[in-house]
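Fold and geometry: a report
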Amino acid sequence: MAWIVGTGMLLGLLAIVAGSVTLATGWTVPTARRHVTRPRLHGFGALFMGTSLVLQSLLYFRILPSVSWEARFFGSNALLFSGLLLIGLSQSPLRRRRPVPQAFDKPVGTFGPRGRAH
């Protein structure tokens, strides 16, 4: 069981490093590069997920003082799912806002009802 938790800790540390690099430089891993439209959200999501994995490992190996299982369960799941949500939002397409036309704005060179210029 310890090697499974150790592997999770290693992956968590890797996610923390990748999230930090993404936040600092905007670089993402090549497999996600095509899908990520908001690198900052992706970096924060990777940090949250990595922190969740590392905290679970540190609590398992009793390096951190033990807290109740409810606090560990809900805290780590909140970090993990918020990281997943942020990574999902970082891959959603960007919305371009169109300017709202004003009521009396007319482009130059428009024609009236009888084909004459105003």
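From a predicted model like this one, the values you see are computed outputs, not experimental measurements.

1. As for the packing of helix H1 (residues 2-25) against helix H2 (residues 39-60)
At a minimum axis separation of 7 Å, H1 and H2 run at an interaxial angle of 155°. The orientation of H1 with respect to H2, classified from their angle, is roughly antiparallel. Seen from above, H1 lies across H2 with left-handed handedness. By residue class, the composition of the contact of H1 with H2 is 16 nonpolar, 10 polar and 1 charged.

2. Remarks on the side chain of Ser-90
Checked against the element boundaries, Ser-90 lands in helix H3 (residues 69-90). Setting aside residues no more than four positions away along its own chain, Ser-90 makes contact with His-35, Val-36, Thr-37, Arg-38, Leu-41 and His-42.

3. Brief notes about H2
Spanning 22 residues, H2 covers 32 Å between terminal C-alpha atoms, matching the ideal 32 Å at 1.5 Å per step. For H2, the full list of buried residues reads His-42, Gly-43, Gly-45, Ala-46, Leu-47, Gly-50, Ser-52, Val-54, Ser-57, Leu-58 and Leu-59. Looking at the buried side of H2, the elements it contacts are H1 and H3.

4. Overview of the packing of aromatic side chains
What the rule picks out here adds up to 2 aromatic pairs. Both rings, one in Tyr-60 and one in Phe-61, keep their centres 5.3 Å apart while their planes meet at 70°; by these two values the pair is edge-to-face. On the accessibility criterion, Tyr-60 (39% relative accessible area) is partly exposed. Ring centres of Phe-73 and Phe-74 lie 5.1 Å apart, and the angle between their planes is 75°; on these two criteria the pair is classed as edge-to-face. Taking relative accessible area as the criterion, Phe-73 reaches 41% and is therefore assigned partly exposed.

Reading the values: the criteria
Counting restarts for each chain, with residues numbered from 1 along the sequence as it is written. Local features in a predicted model are, by the rule used here, given only for residues with pLDDT of at least 70; side-chain atom pairs are given and counted only at 80 or more, and totals for whole chains, interfaces and linings are based on all residues. Computation of side-chain values covers all heavy atoms of the structure but excludes hydrogens and water. Only the stretch in contact is used when a helix axis is fitted, and all axes are lines through C-alpha atoms; the angle between N-to-C directions ranges over 0 to 180 degrees. Under the DSSP-based scheme used, a helix requires at least four consecutive residues in state H or I and a strand at least two consecutive residues in state E, with every element numbered from the N terminus. These descriptions rest on fixed angle ranges, namely under 35 degrees for roughly parallel, over 145 for roughly antiparallel, 65 to 115 for roughly perpendicular, and the rest for oblique. Note on convention: the crossing is left-handed when the near helix lies turned anticlockwise from the far helix by less than a right angle, right-handed when the turn is clockwise. Three classes are used, and their members are as follows: Ala, Val, Leu, Ile, Met, Phe, Trp, Tyr, Cys and Pro are nonpolar, Asp, Glu, Lys and Arg are charged, and the others, Gly among them, are polar. Contacts were defined at the residue level, with two residues in contact if any of their heavy atoms lie within 4.5 Å. To estimate the expected span of a helix, count its residues, drop one, and scale the result by 1.5 Å. Remark: exposure states derive from per-residue accessible area (1.4 Å probe, protein chains only) relative to the maximum for the residue type, with buried under 20%, exposed over 50%, and partly exposed in between. A pair of aromatic rings is counted whenever rings of Phe, Tyr or Trp (Trp by its six-membered ring) have centres within 6.5 Å, and the orientation is called stacked for planes under 30 degrees apart, edge-to-face for over 60 and tilted otherwise.

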